[in-house]
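Each chain, letter by letter, is given below.
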Amino acid sequence: MNTSSNYSDIKFGIQNNAVRYSWAFYFLLGILSSLIGDTLILLASLREDAFKIKKFLVVIIQHIAISDLANTLTFLLPTEISLLANSWALGDALCYIRAYTSYMMYLAGMSLIAVLTTSKFLILKYPLRAVSWSDLRAHQVCSLVWVSSLIMPILFFAVDKDDVHFDYRVYNCQYKLSSDVWKKALIPITGFVYGIVPNIVVVTTTILTLKYLADAMKFARRVHGSVPWQGVVTVPLTSLAYCVSTLPYVVHRIASRYINEDPPGLFHLQFYRIFNFLLMINVAANFYIYALTIRSFRSFIHCKVLSMVRFIRLAGRNEASVEGNIEFTSD
């Protein structure tokens, strides 16, 4: 692991313990939301009645949930531990694993959101053609996303496999991209393909979907009908959470190539930390969005909560009964 980077110095960390523990609490909420929420999403997606939307979209939602869980393990959890320890406490091997997998998971999650927003718009725009879209095709599209996301860690290994360091700005291990090959050619190319293009797709297809919904509302009013909102606003809200969490980070990464601070100050230190930490929103928000906008998923969660409450009550009664029998026997 390369420890010669300026940002590997603790002076670039969070000096105020109260602020550092506040960020740790923020990440803890994200970890719990993702582990519980995305697990429930996967369980619900296996039932026919839990997501009453087109199965093609349900498959994409499954892959997004898997991506969010992977991001929780490779991004949120290591950051949480590092914030509490005020250093990297997981060893060199996990540092390399974190640095190599983080880009893959980030790119996969971003691309899967783009697939979701594009698919939703096309389903609304061309419903007859979308009838033939099968679960298998959805899995094939998502598999292509996962495979393409492997390109970045492969390039990392090919260019300089040891260009990894612990960055106190974000309390996580990062690939530095310090080789001249990255600066001259690979960063502009990969940045455009994996950074700019997916964001353009997400924003464009979301705007087109909202425009379609606005036109549908106007038409429904004229004919005294209604728009079936079940699952319709799910994708725009997912896109909104994505944009709030991801676009500031992408803009910062692009602008950082043209803004020099010596020594690093507000832009390269504080803004970079905040925009990086905002990425947690995209990982943790989907459960709340689905629960808010998909009635069938909300009913599934309600049933699971009731089942858990009944189980806890039954366990309490059984424990009280056992204690009563013990007291009776001792008497």
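Cut-offs used in this document
- Residues numbered from 1 in each chain as written.
- Predicted model: local features only at pLDDT ≥ 70, side-chain atom pairs only at ≥ 80, totals over all residues.
- Heavy atoms only, no water.
- Buried < 20%, exposed > 50% of the residue type's maximum accessible area, 1.4 Å probe, protein only.
- Helix = DSSP H or I, 4+ residues; strand = E, 2+ residues; numbered from the N terminus.
- Pairing = 2+ DSSP bridges.
- 1 Å grid on protein atoms, 1.4 Å probe; cavity = no way out; pocket = protein on both sides within 12 Å on 5 of 7 lines; lining within 4 Å.
- Points joined across faces, edges and corners; volume = space filled by probe spheres on them.
- Nonpolar A, V, L, I, M, F, W, Y, C, P; charged D, E, K, R; others polar.
- Phe/Tyr/Trp six-rings, centres within 6.5 Å; stacked < 30°, edge-to-face > 60°.
- Lys NZ or Arg CZ within 6 Å of the ring centre and 35° of its normal.

K.L.:
Provide a residue-level description of the pairing of strand 1 (residues 164-167), including the pertinent values.
P.N.:
Successive residues of a regular strand alternate their side chains across the two faces of the sheet. Of the two faces of strand 1, the one holding Val164 and Phe166 and the one holding His165 and Asp167 are both buried throughout. Connecting strand 1 to the next strand, strand 2 (residues 172-175), in antiparallel fashion are four residues, including Tyr171 with a positive phi near 55°.

K.L.:
I'd love a proper account of empty space enclosed by the protein, names of residues and values included.
P.N.:
Tallied over the full model, the rule gives two cavities of 30 Å³ or more. Quantified by volume, the largest cavity comes out at close to 270 Å³. Broken down by secondary-structure element, the contributors of at least two residues to the lining of the largest cavity are helix 2 (55-85), helix 3 (91-125), helix 8 (234-255) and helix 10 (279-284). At six residues, the largest contribution of residues to the lining of the largest cavity is made by helix 3. For the lining of the largest cavity, the residue count by class is eight nonpolar, ten polar and two charged.

K.L.:
Could you give an account of the packing of aromatic side chains, with specific residues and numbers?
P.N.:
For the structure on display, the rule yields 25 aromatic pairs. Arranged with centres 4.9 Å apart and planes meeting at 80°, the rings of Phe166 and Tyr168 form a pair that is edge-to-face. For Tyr168, a relative accessible area of 7% translates into the label buried. Among the aromatic residues, ring-to-ring pairing joins Phe51, Phe287, Tyr288, Tyr290, Phe297 and Phe300 into one connected group. Directly above the ring of Tyr126 sits Arg129, whose terminal nitrogen or CZ lies 5.1 Å from the centroid. The lysine or arginine in question, Arg169, covers the ring of Tyr7, its NZ or CZ lying 3.7 Å from the ring centre.

Note that every value here comes from positions in space, so none of it alone points to a role or purpose.
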